[in-house]
Amino acid sequence: QVQLVESGGGLVQAGASLRLSCAASGRTFSTYKMAWFRQAPGKEREFVAAINRNPGSTYYANSVKGRFTISRDNAKSTLYLQMNSLKPEDTAVYYCAAGTYYLLSNNPDRYDYWGQGTQVTVSS
C-alpha cells in the first residue's frame, strides 16, 4: 500500500509557473508507475501525464504537451509536475496516482492509489 499527498497548488495568473509535488510513503515508491490527473468543476477527471519506473519513459495529454513536465525522484519518494505557461483552462484539482499496471496509461482504472488533490487556479 502507498499513501500519496499532493502539494504546491495555488492561485496564479495566466503565463505563470507552478511545480506540484506528490509525496509517497514507503520505500516501494520506485516500483509504482505514477501519474497526474486533474478535475475541473463540472467535468470528468482528466489524464495529464504519466511516468514509468524508468524515468525516461513519460506520456502526456496533448493539452499539456510542451508546457508540463512530469518527473520523479525515487530517492525522495516524490513525484513532480512542473507546469509552465499556465492557462485558465488548466484550473482544476490535480491528483497524484500510483499503480502497478504493466503499461503507462491514461485510464484512471489502471491506478490503484490516489492522493486528496491540490487546487490549481489560473486567472486571466
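Let me begin by describing the structure that accompanies this report.

Definitions and limits used
Residues take numbers from 1 onward in each chain, read along the sequence in its written order. Confidence filtering applies because this is a predicted model: local features only for residues at pLDDT of at least 70, side-chain atom pairs given and counted only at 80 or more, and all residues used for totals across whole chains, interfaces and linings. Side-chain figures throughout are based on the complete set of non-hydrogen atoms in the structure, without hydrogens or water. Each helix is a run of DSSP H or I of at least 4 residues and each strand a run of E of at least 2, with the numbering of both proceeding from the N terminus. For this measure, only C-alpha atoms enter the radius of gyration; the expected value for a globule follows 2.2 Å times N^0.38, where N is the number of residues. Relative accessibility under 20% of the residue-type maximum defines a buried residue, over 50% an exposed one, and the middle range a partly exposed one, all with a 1.4 Å probe and only protein chains included. For the accessible areas, the method is Shrake-Rupley and the probe is 1.4 Å, while residue cover comes only from the protein chains on display. His is not counted here, nor are the chain ends, while Lys and Arg score as positive and Asp and Glu score as negative. Every charge is mapped to an atom, namely NZ of Lys, CZ of Arg, CG of Asp or CD of Glu. Two cysteine sulfurs form a disulfide in these notes if their separation is within 2.5 Å. A pair is scored as a salt bridge if a Lys or Arg side-chain nitrogen falls within 4 Å of a carboxyl oxygen belonging to Asp or Glu. We define a polar contact as two N or O atoms separated by no more than 3.5 Å, with the added condition that, inside protein, one atom must be a possible hydrogen donor and the other a possible acceptor, whereas residues neighbouring each other in sequence contribute only through side-chain atom pairs. In these notes, a set of buried Ala, Val, Leu, Ile, Met, Phe, Trp, Tyr and Cys residues joined through side-chain atoms within 4.5 Å is what counts as a nonpolar core. Residue contacts follow a heavy-atom distance rule, with two residues in contact if any of their heavy atoms lie within 4.5 Å. We call two strands paired when DSSP finds no fewer than two bridges between them. A fitted line through C-alpha atoms serves as each axis, taken over the contacting stretch for helices, and the angle formed by two N-to-C directions is quoted from 0 to 180°.

Turning our attention to the overall build of the chain. Looking only at helices and strands, the chain has zero helices and eleven strands in total. In the chain, the succession of helices and strands from N to C terminus is β-β-β-β-β-β-β-β-β-β-β. Taken over the C-alpha trace, the chain has a radius of gyration of 13 Å; the compact-globule value for 124 residues is 14 Å, and the two agree within 12%. For the chain, the spread of C-alpha atoms along the three principal axes comes to 40 × 25 × 25 Å. When each of the 124 residues of the chain is scored for burial, the buried share is 42%. If you sum the accessible surface of the chain, you get close to 6400 Å²; carbon and sulfur atoms cover 44% of it. Across the chain, 13 positive and 8 negative side-chain charges occur, with their mean positions spaced 7 Å apart.

Turning next to the state of the cysteines. The final tally for this structure, using the stated rule, is one disulfide. Disulfide pairing is shown between Cys22 and Cys96; the S-S distance is 2.0 Å. Around the S-S axis, the bridge from Cys22 to Cys96 shows a dihedral of about -75° and counts as left-handed. Of this pair, Cys22 sits in strand β3 (residues 18–24) while Cys96 is found in strand β9 (residues 92–99), placing the two residues 74 residues apart along the sequence.

In this section: the side chain of Lys33. Tracing the backbone shows Lys33 in strand β4 (residues 33–39). Here Lys33 occupies a buried position and makes no salt bridge, while the nearest side chain of opposite charge, Asp112, is found at 9.6 Å. Engagement of the side chain of Lys33 in a polar contact is seen with the backbone oxygen of Tyr101, the distance being 2.8 Å.

Here we come to the nonpolar core. Grouped together as the largest cluster of nonpolar side chains are 36 residues, with contacts concentrated most on Met34, Trp36, Leu79, Leu81, Met83 and Tyr94. Of all the elements in the fold, those that place two or more residues in this core are β3, β4, β5 (46–51), β7 (68–73), β8 (78–83), β9 and β11 (118–123). The residues contacting Leu79, other than those within four sequence positions of it, are Leu20, Ser21, Cys22, Phe29, Met34, Ala35, Trp36, Ile51, Ile70, Ser71, Arg72 and Cys96.

Before going further, it helps to spend a moment on the sheet that holds strand β1 (residues 4–7). One open sheet accounts for four strands, arranged β1-β3-β8-β7; its pairing is antiparallel. The strands lining the two open edges of the sheet, one partner per strand, are β1 and β7. Direction aside, the axes of adjacent strands within the sheet are offset by 15° on average. Sheet analysis places β1 next to β3, joined by four bridges and oriented antiparallel. When the bridges of β3 are listed, Val5 appears paired with Ala23.

This part covers the pairing of β9. Buried residues dominate β9, accounting for seven of its eight residues. Sheet topology note: the β4/β9 ladder contains seven bridges and is antiparallel. Bridging from a neighbouring strand, Met34 pairs with Ala98 of β9. Bridge analysis of β9 against β11 gives three bridges, and the strand direction is antiparallel.

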